[in-house]
Amino acid sequence: MSTPGSDVSRPPVPVADCATCAELAECRAAARAVFDRSAETDANVLMRQHQRQAHESQDHSVPIRRTFRYVPFTIVQDATAEPEYATRCVSGGESECGAESGVRGHPADVEEWQRRHTQETRHERYRRTFADYAVMEPPDGVPSGLPAGLEPARVARACTS
């Protein structure tokens, strides 16, 4: 039989009618709300320590449960970085031509290079590439990082004092 807090692969479950367990669970919930995984882990460790000291000799049936969270981030093109366009000529019989346009800042520049290359060589097959930088944007109301001045250790200390 396991004691409360002995399975470290899952978050500890607060013992019913225990004020300390309830306070630490509240602290953990506050850390989760601001996506502070360090403070959440601190609260779990403190709850396990408390449960070993205060509830170890008591028999509790702790239900096993899992919570899955999904935050729908949006992937958007980074407006601070220019996208890159390029093409390579893959025409040819047994071996490809291999001529390349080089990196260009606009698809029209690459297309113009292809037209000129086709006029000069009569090659008609190209491999085009596009590269950009992407940014993950959280939905409204979800912070992208910790609020200024908030550190994981301070969250843990504030919840335990």
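This text follows the structure it describes.
Residues numbered from 1 in each chain as written. Predicted model: local features only at pLDDT ≥ 70, side-chain atom pairs only at ≥ 80, totals over all residues. Heavy atoms only, no water.

J.: How do you make sense of the environment of Glu111 when you look at a structure like this?
T.: Within the element layout of this structure, Glu111 appears in helix H3 (residues 107-121). For the pair Glu111 and Ala86, spaced 25 residues apart in sequence, the C-alpha to C-alpha distance is 9.2 Å. (Helix = DSSP H or I, 4+ residues; strand = E, 2+ residues; numbered from the N terminus.)

J.: Mind showing me how you'd approach the pattern of salt bridges here?
T.: Should their charged atoms come close, side chains of opposite charge can pair. Applying the stated rule across the entire model yields five salt bridges. Across the pair Glu40 and Arg32 runs a salt bridge, and its minimum N-O distance is 2.8 Å. Of the charged contacts, one joins Arg115 and Glu112 as a salt bridge, the two residues approaching to 3.6 Å between their closest N and O atoms. Separated by three residues within a single helix, Arg115 and Glu112 lie in helix H3, roughly one turn from each other. Classification of Glu112 by relative accessible area gives partly exposed; the value is 36%. Members of the salt-bridge network, linked through shared partners, are Arg32, Arg37 and Glu40. (Salt bridge = Lys/Arg side-chain N within 4 Å of Asp/Glu carboxyl O. Buried < 20%, exposed > 50% of the residue type's maximum accessible area, 1.4 Å probe, protein only.)

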